[in-house]
Amino acid sequence: MSDRDPRPTRRNVVVLFIDIVGSTELAERLDPELLLRILDRYYAACRTEIFEHGGAVEKYIGDAIMAVFGVPVSREDDALRAVLAADAAMTAVHRLSAEIAPTHGVRLDAHCGIAFGEVMVADGSGSNVRVIGDTVNTASRLQSAAGGGEILLSDDVARLVRRHALLDGVPPLTLKGKRDPVRAWRLITVEPDRGAPETDTVPLIGRTEELQQLTRFHDRVVRGRQCCMATLLGVPGIGKSRLVREFLTNLPEDVTVLAGRCPSYGIGATYRPITEMLEALNGDWPTIAEAVGTEGERALRGLACRGDAEYQDDTPGVAEIAQAVRSLFEVLAQRRPLVVVLDNLQWAEPTLLDLIEDCSAWLADVPVLLVCVARPELYEARPSWGGGMTCAMALELGPMSPPHMARLVAELRAGRADVVAHDDDGTYQRVIHGSDGNPLFAELMLETLAEGAASLPPTIQALLGARLDRLDAAERQVLERAATIGHSFSVEQLEVLFDGEPAMTAAPLSRLRRERLIRRGALPGAYEFAQTLTRETVYALTSKEVRADWHRRLADWFGDRAGDASEQAPFLGPASGDVSRHLLAACRLTRQVRPGDPLLPELTGRAADQLIRDGGQALHRRDLPAAIALLEQGREMLPPGRDEHRSLAVRISDAELARGEAAAAAAALDRAEELLPEDPRTQLTCVIQREVLALRSGARAPELEPLRVRLALDPRDDLSWCRFHQLQALVHIQEGRFGAADRALRDGLALARPMGDRYEEDRLLGGLCELVQWSPTPVPEGLALCADLLARFAGDRALLVPVLVTRARLLALAGDLGGARESLDTAGQYAEELHLGLSAVAVVQVRGLVESLDGNHQDARELFSRAAAALRTAGHGGPAVTLEIYAARETLRQGDVRQAAAELARGDAGPPQLRGELTALAMRGAIASFDGEHADAMSAADRAAALLESTDDPCLRGDVLVEIARIRRAAGHDPAEPARRALDAYLSKGATLSARRVRDWMKGLR
Ligand SMILES: Nc1ncnc2c1ncn2[C@@H]1O[C@H](COP(=O)(O)OP(=O)(O)OP(=O)(O)O)[C@@H](O)[C@H]1O
Ligand SMILES: [Mg+2]
């Protein structure tokens, strides 16, 4: 803890206020000289307790004393120390009162308040500290609210000391200067050794391999009758103590177990673990005493006397104690195998470490297994630990796997009715993934969750904060920069923040790795935090002003680097996301600590532009949730009144609609009108887009003419025009007029290109490509469009899938069934890899068409049915009905008329599509015709012919006309006219396969 940084630091501390009750009355009744003497004794008593428990007295305010725990260094038990100090100070005050009451006729009493939280500490060295922050006020207010003799704890402090104290909840306090009532707890008793209850409510999860290793090692000790040492290492809370408990439970009956823990607090507790072991041996003492001999007995007895006893002549020396402990183990192990557990060795005094090493080196021929449990920093105190021993092993516990964490969380949930009350799967997922494979963190997060709090539990903060405070200044500087860069970081990035001084990073990095705070990443020069929570804690404890500056520099660096990507080194990471992330953080922090900064508007503008650009890319990739989040963030950063708000709203609205969120899609438009009030172009664009939303939600087609009249007033409003053409296309598609829809999209495209709006252009091209399956545009032209788009969207598989599906359909129509299948295979593979559910359904559907054209009607039927079922599950009732009708048609084509009729009768739930309606009508005619009901058949055919006039889809027309021709022929009428028209329809599209079949059929007629 040498060279600490003298700059003001953010840190988590515990603040304690203690004050005399009724001091005015005392002043009234006592002579000031006497009062001063009494108060001096009171101060002295309190100060002593505060110092002895590791606190620093910050200042005296009137008669009150303010103390801080956690400066200059945090310890994970700062809260416990503060509570112990308060309790002891209170006892001292009462002692003083009892002493003066008879002679001075006054009683003295005090009250206390303790709070935990983030503060700024200026000049944290020595006793001269200045602590600024709301935590100070809270502690002071709690103290005022406490009655005489009472110690009130804030909620966080209560959580931190709960395992060591009895507390009583008090009704939420309304404190001066606080908006909301504050939860508080009254201290009843505190007892540091109460410790955690060691009954495990959850079975041991995972760790089988580690448990086996320990068990095998123990077998070796027993079989070989030798002393061995197992060191179990791991970060706080990872499950070391738990594993050892499990190991001990599974040991054979005849094994003697001695266990002791090193405490984190208190001076002079060197042999505490040994005295704990001796306590457990009380019953056996006479026999043991005899066996270890007089010297040994004296040494061990000496350990039992409390540290506050006066120095005695016969106080044993270190060597004697080591010798005695060794004989003790020897004596016990001669009777039965012995396991000695020493937990929390990272807090052991060097003398105790010497003693353990000495034992393992000198104990011979007796089966003793020393299990040493410690956090990785044990190696800081003793780098050579375990080296040079003949029989030693080290076992390191790593994070638990996500499936194991999921099981743990499930078990913990099952055991807590209060948590179940907050049941919500998303939250549990957050605990599973947010706890870094650390079971303690999961437990603590769940506990906080049960209490309805959202932030990082104070228990975790205290644990991690203490760990970080043990780092030296160089390590801390590296870690703070790394945390600002992100979970993963590289040496190169660190150097950017160190102004290119490589010397600053190398050594601290390797020390941080040894301390298990970071580990190597996948790429050369890359590292990552071993625990996400560590990063979060370091980040939170770094000055915001400094962070804001670093974030800005990182944004610049990532931005420049994106420009450096080249053919030779194209992989420079996802730079754009990083740029916006850092810009956003820089803005947020600057706004918090320097709201008047003249550079802020420029920074905000940059962040908005970058977010919008990233959002556009995400939209292009069809990563809708990300796109919406980015665009919305960009929109909120962009100053109102900027023209971009209009196109942003349209994009957000498109993305929401594609996600099926119609209300959110509409809300995006409302927001644009708020941000660009009184702007006629925005209003018009929004009106048009609202019509699109309505149409997509199943409303009737709107009147286009009034819109066109409004548009004519501003011929240069390209975006509104462009969107109008898209609306037009949608209306035409709904009416079955694919040629007109195609023309409308091309009109839109003609505007989007000169606007340079790649988003609109892609959208229109995608729409055209989909349309080309049904529109009169001939197959070769459609295939050319597909080829263009395959090149344009190359490398973006989500965009390629619909193009490949269209291509497959066109190829199949042209008779290239092999090519069609190949295209579908690729599309299917992409759709599966990218989890594109609906696109996968489209692939299955077109496979159905290909098999049908190939005459494999059984396969085609299954494919159509499968696609229909998937669509129904996804809530697309209309298209599902159409596909069910197609499936029934395949049954009919196999010749199973009755079955087809039954299937047709079933599949009518859902809004009908023109396509499905026509096909069903033609099928009904065909079935009637087969049954000899020619009049019914002809009437169905006539109705189909009439309905057919509303669509220009050539293949749909061809398919229905072929059925009409067959019906006519069966009824004894001339089929030539509909057959010829079917042929013309197929030929105009270039659907050669179907055309050939009609032609053959017509030849057969002659
Ligand atoms: N494998 C496991 N299965 C179920 N619960 C576990 C497992 N490992 C740890 N736990 C639970 O997680 C909590 C933390 O574990 P434990 O106290 O053993 O951590 P530790 O590594 O000893 O930490 P410290 O260094 O702070 O002593 C305990 O409540 C423990 O019961
Ligand atoms: Mg432990």
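Residue positions within a chain follow its written sequence, with the count starting from 1. Chains and ligands are labelled by the order in which they are written, letters from A for the one and numbers from 1 for the other. The predicted origin of the model limits local features to residues at a pLDDT of at least 70 and limits the giving and counting of side-chain atom pairs to 80 or more, whereas totals for whole chains, interfaces and linings rest on all residues. Side-chain descriptors were evaluated using all non-hydrogen atoms of the structure, hydrogens and water having been removed beforehand.

1. Quick word on helix H6 (residues 208–224)
Along an α-helix, a turn takes 3.6 residues, which lines up residues three or four apart on a common side. Strands here are runs of E lasting at least two residues and helices are runs of H or I lasting at least four, both read from the DSSP assignment and numbered beginning at the N terminus. In this analysis, the expected span of each helix is defined as 1.5 Å times one less than the number of residues it contains. Helix length check: H6 (17 residues) gives 24 Å between terminal C-alpha atoms against 24 Å at 1.5 Å per residue, within 8%. By the burial criterion, the buried members of H6 are Glu210, Leu211, Leu214, Phe217, His218 and Val221. End-on, the buried residues of H6 take up no more than an arc of 125°, which puts them together on one face. Turned more than 90 degrees from where H6 packs its buried face, Thr208 and Arg223 sit exposed. By definition, residues are in contact when any of their heavy atoms lie within 4.5 Å. The secondary structure elements touched by the buried residues of H6 are strand E9 (227–233), helix H7 (240–249), strand E11 (338–343), strand E12 (368–374) and strand E13 (392–396). Once H6 finishes, arginine 225 follows within two positions and takes phi at roughly 40°, a positive value. Residue exposure (1.4 Å probe, protein chains only): buried if accessible area is under 20% of the type maximum, exposed if over 50%, otherwise partly exposed. Think of the arc as the fan of directions from the helix axis to the C-beta atoms.

2. Some details on a positive patch on the surface
Each patch is built from residues lacking any salt bridge and having more than 30% relative accessible area; the joining distance is 9 Å for like charges and 5 Å for nonpolar side chains (Val, Leu, Ile, Met, Phe, Trp, Tyr). Note that accessible areas follow from Shrake-Rupley with a 1.4 Å probe, and for residues the cover is restricted to the protein chains shown. One speaks of a salt bridge when a side-chain nitrogen belonging to Lys or Arg is within 4 Å of a carboxyl oxygen belonging to Asp or Glu. When charges are counted, Lys and Arg contribute as positive and Asp and Glu as negative, whereas His and the chain ends are disregarded. Charge positions come from single atoms, namely NZ of Lys, CZ of Arg, CG of Asp or CD of Glu. The grouping of Arg980, Arg999, Lys1003 and Arg1006 at the surface amounts to a positive patch. With respect to the helices and strands, arginine 1006 occurs in the segment after helix H44 (992–1005). For arginine 1006, a relative accessible area of 79% puts it in the exposed group.

3. Here we look at the site of ligand 1
The near set for a molecule or strand comprises every residue that places at least one heavy atom within 4 Å of it. Near ligand 1 there are 21 residues, and of these Gly237, Lys240, Ser241, Arg375 and Glu443 occur at the shortest range. Nitrogen and oxygen atoms within 3.5 Å of one another constitute a polar contact, given that in protein one can donate a hydrogen and the other can accept it, and given that sequence-neighbouring residues count only through two side-chain atoms. A distance of 2.7 Å separates an oxygen atom of ligand 1 from a polar atom in the backbone of glycine 237. Within the contact set of ligand 1, an oxygen atom lies 2.8 Å away from a backbone nitrogen or oxygen of arginine 242. Computed on the free molecule, ligand 1 has an accessible area of 630 Å², of which 88% lies beneath the protein chains in the complex. Contributions of two or more residues to the shell around ligand 1 are made by H7 and helix H16 (439–450). It is H7 that contributes the most residues to the shell around ligand 1, four residues altogether. For the shell around ligand 1, a count of residues per class yields ten nonpolar, four polar and seven charged. When residues are sorted by character, Ala, Val, Leu, Ile, Met, Phe, Trp, Tyr, Cys and Pro go into the nonpolar class, Asp, Glu, Lys and Arg into the charged class, and all the rest, Gly among them, into the polar class.

4. Quick notes on the pattern of salt bridges
Evaluated as defined, the whole model comprises 60 salt bridges. Taking the shortest distance from any N to any O, the salt bridge between aspartate 762 and arginine 758 comes out at 3.5 Å. One end of the pair is aspartate 762 and the other is arginine 758, both in helix H32 (residues 758–771) and four residues apart, which spans about a single turn. Ionic pairing is found between arginine 981 and glutamate 977, a salt bridge with its closest N-O pair at 3.8 Å. Note that arginine 981 and glutamate 977 are positioned in helix H43 (residues 976–989) at a spacing of four residues, about one turn of the helix. Sharing partners across several salt bridges, the network here consists of Glu632, Arg635, Glu636, Arg671 and Glu674.

5. Section: the packing of helix H30 (residues 718–734) against H32
Helix packing for two helices is described by the angle between their axes and how far apart those axes are. Every axis in this analysis is a line fitted to C-alpha atoms, fitted for helices over the stretch in contact. Angles between the N-to-C directions lie between 0 and 180 degrees. Two numbers describe how H30 lies on H32: the axes approach to 12 Å, and their chain directions differ by 15°. One element, H30, and the other, H32, form an angle in the roughly parallel class. As H30 runs across H32, the sense of the crossing is left-handed. Here Leu719, Cys722, Arg723, Gln726 and Ile733 of H30 lie close against H32, whose contacting residues are Tyr759, Glu760, Arg763, Leu764 and Leu771. Residue composition of the contact of H30 with H32, grouped by class: six nonpolar, one polar and three charged. An angle below 35 degrees is treated as roughly parallel, one above 145 as roughly antiparallel, one from 65 to 115 as roughly perpendicular, and anything else as oblique. Left-handed is the label given to a crossing in which the near helix is rotated counterclockwise from the far helix by less than a right angle, and right-handed is the label when the rotation is clockwise.

6. Here's the deal with the sheet that holds E11
Across the sheet, five strands lie side by side as E10-E11-E12-E9-E13; this open sheet has parallel pairing. The open sheet has two edge strands, strand E10 (256–261) and E13, and neither has a second partner. Going from strand to strand, the sheet's axes swing by 15° on average, the running direction of each strand aside. Pairing between two strands is assigned when DSSP locates at least 2 bridges connecting them.

7. What about the nonpolar core?
In this text, buried Ala, Val, Leu, Ile, Met, Phe, Trp, Tyr and Cys residues form a nonpolar core when linked through side-chain atoms within 4.5 Å. Of all hydrophobic cores here, the largest spans 68 residues; its most connected members are Leu789, Val850 and Val960. Leave out the neighbours within four places in its chain, and leucine 789 touches Leu765, Cys769, Leu800 and Val803. Trp557, Leu600, Leu619 and Leu648 belong to the second largest nonpolar core, which has 50 residues in total.

8. Examining the pairing of strand E6 (residues 151–154)
Residues Ile151 and Leu153 line one face of E6 and the alternating positions Leu152 and Ser154 line the opposite face, and both faces are buried. Bridge count between E6 and strand E8 (residues 182–190): three bridges; the pairing is antiparallel. Its bridge partner being in E8, leucine 152 is matched across the sheet by arginine 186.

9. Regarding the packing of aromatic side chains
Ring geometry is summarised as follows: Phe, Tyr and Trp rings, the Trp one being its six-membered ring, pair when their centres sit within 6.5 Å, and such pairs are stacked at plane angles under 30 degrees, edge-to-face over 60 and tilted between the two. For the coordinates displayed, the defined rule picks out seven aromatic pairs. Centroid distance phenylalanine 489 to tyrosine 527: 6.0 Å. Interplanar angle 20°. Geometry classified as stacked. Here phenylalanine 489 is found in strand E14 (residues 488–490), whereas its partner tyrosine 527 is found in strand E16 (residues 526–529), with 38 residues between them in sequence. Side by side, phenylalanine 489 and tyrosine 527 carry an identical accessibility label, which is buried. Joined through ring pairs, the aromatic side chains of Phe489, Tyr527 and Phe529 make up one cluster. Put simply, a charge is over a ring when the Lys NZ or the Arg CZ is close to the ring centre, within 6 Å, and near the line of the ring normal, within 35 degrees. Sitting over the ring of tyrosine 539, arginine 535 keeps its end group 5.4 Å from the ring centre. Here the basic side chain of arginine 889 rests over the ring of tyrosine 886, its NZ or CZ set 4.9 Å away from the ring centre.

10. Points about helix H40 (residues 914–930)
The end-to-end C-alpha distance of H40 is 24 Å, a good match for the 24 Å that 17 residues give at a rise of 1.5 Å each. Where H40 ends, the next residue or the one after it, glycine 932, has phi of about 85°, a positive value.

11. What to know about the sheet that holds strand E15 (residues 518–520)
Read across the sheet, three strands follow the order E14-E16-E15 without closing on themselves; strand pairing throughout is antiparallel. At either end of the open sheet lies a strand with only one pairing partner, and these are E14 and E15. Recorded for the sheet is a direction-independent mean angle of 35° between the axes of neighbouring strands.

12. Looking at the state of the cysteines
The definition used for a disulfide is geometric: two cysteine sulfur atoms within 2.5 Å. Tallying each qualifying case throughout the model produces one disulfide. In this model, cysteine 228 is linked to cysteine 391 through a disulfide, with the two sulfur atoms separated by 2.0 Å. When the S-S torsion is 95°, as for the bridge of cysteine 228 with cysteine 391, the disulfide is right-handed. Residue cysteine 228 is found in strand E9, and its partner cysteine 391 is found in the loop between helix H12 (378–381) and E13; the two are separated by 163 residues along the sequence. This pair shows no difference in class: cysteine 228 is buried, exactly as cysteine 391 is. Cysteine 227 carries a free sulfur, and the closest cysteine sulfur to it, the one in cysteine 228, is 6.5 Å from it.

13. Points about the side chain of glutamate 903
Looking at the secondary structure, you find glutamate 903 in helix H39 (residues 897–906). For glutamate 903, a relative accessible area of 9% corresponds to the buried category. Separated by 3.0 Å, the side chains of glutamate 903 and arginine 861 make a polar contact. When residues no more than four places from it in sequence are discounted, the contact partners of glutamate 903 are Arg861, Ala887, Ala888 and Thr891.

14. Quick notes on the environment of methionine 637
Along the chain, methionine 637 turns up in helix H25 (residues 624–637). Assessed through its relative accessible area of 13%, methionine 637 is described here as buried. For the pair methionine 637 and leucine 611, spaced 26 residues apart in sequence, the C-alpha separation works out to 9.0 Å. For methionine 637, the contacting residues outside a window of four places in its chain are Leu584, Cys587, Arg591, Thr604, Ala607, Ala608 and Leu611.

15. Some thoughts on unusual backbone geometry
With an omega of -10°, the peptide bond running from valine 71 to proline 72 counts as cis. Position of proline 72 among the secondary structure elements: in the loop between strand E3 (64–69) and helix H3 (78–104). Unusually for a residue other than glycine, aspartate 436 sits at a positive phi of about 60°. The topology assignment puts aspartate 436 in the loop between helix H15 (425–434) and H16. Notably, arginine 516 is not glycine yet its phi reads approximately 65°, a positive angle. Summarising the element assignment, arginine 516 is placed in the loop between helix H20 (506–514) and E15.

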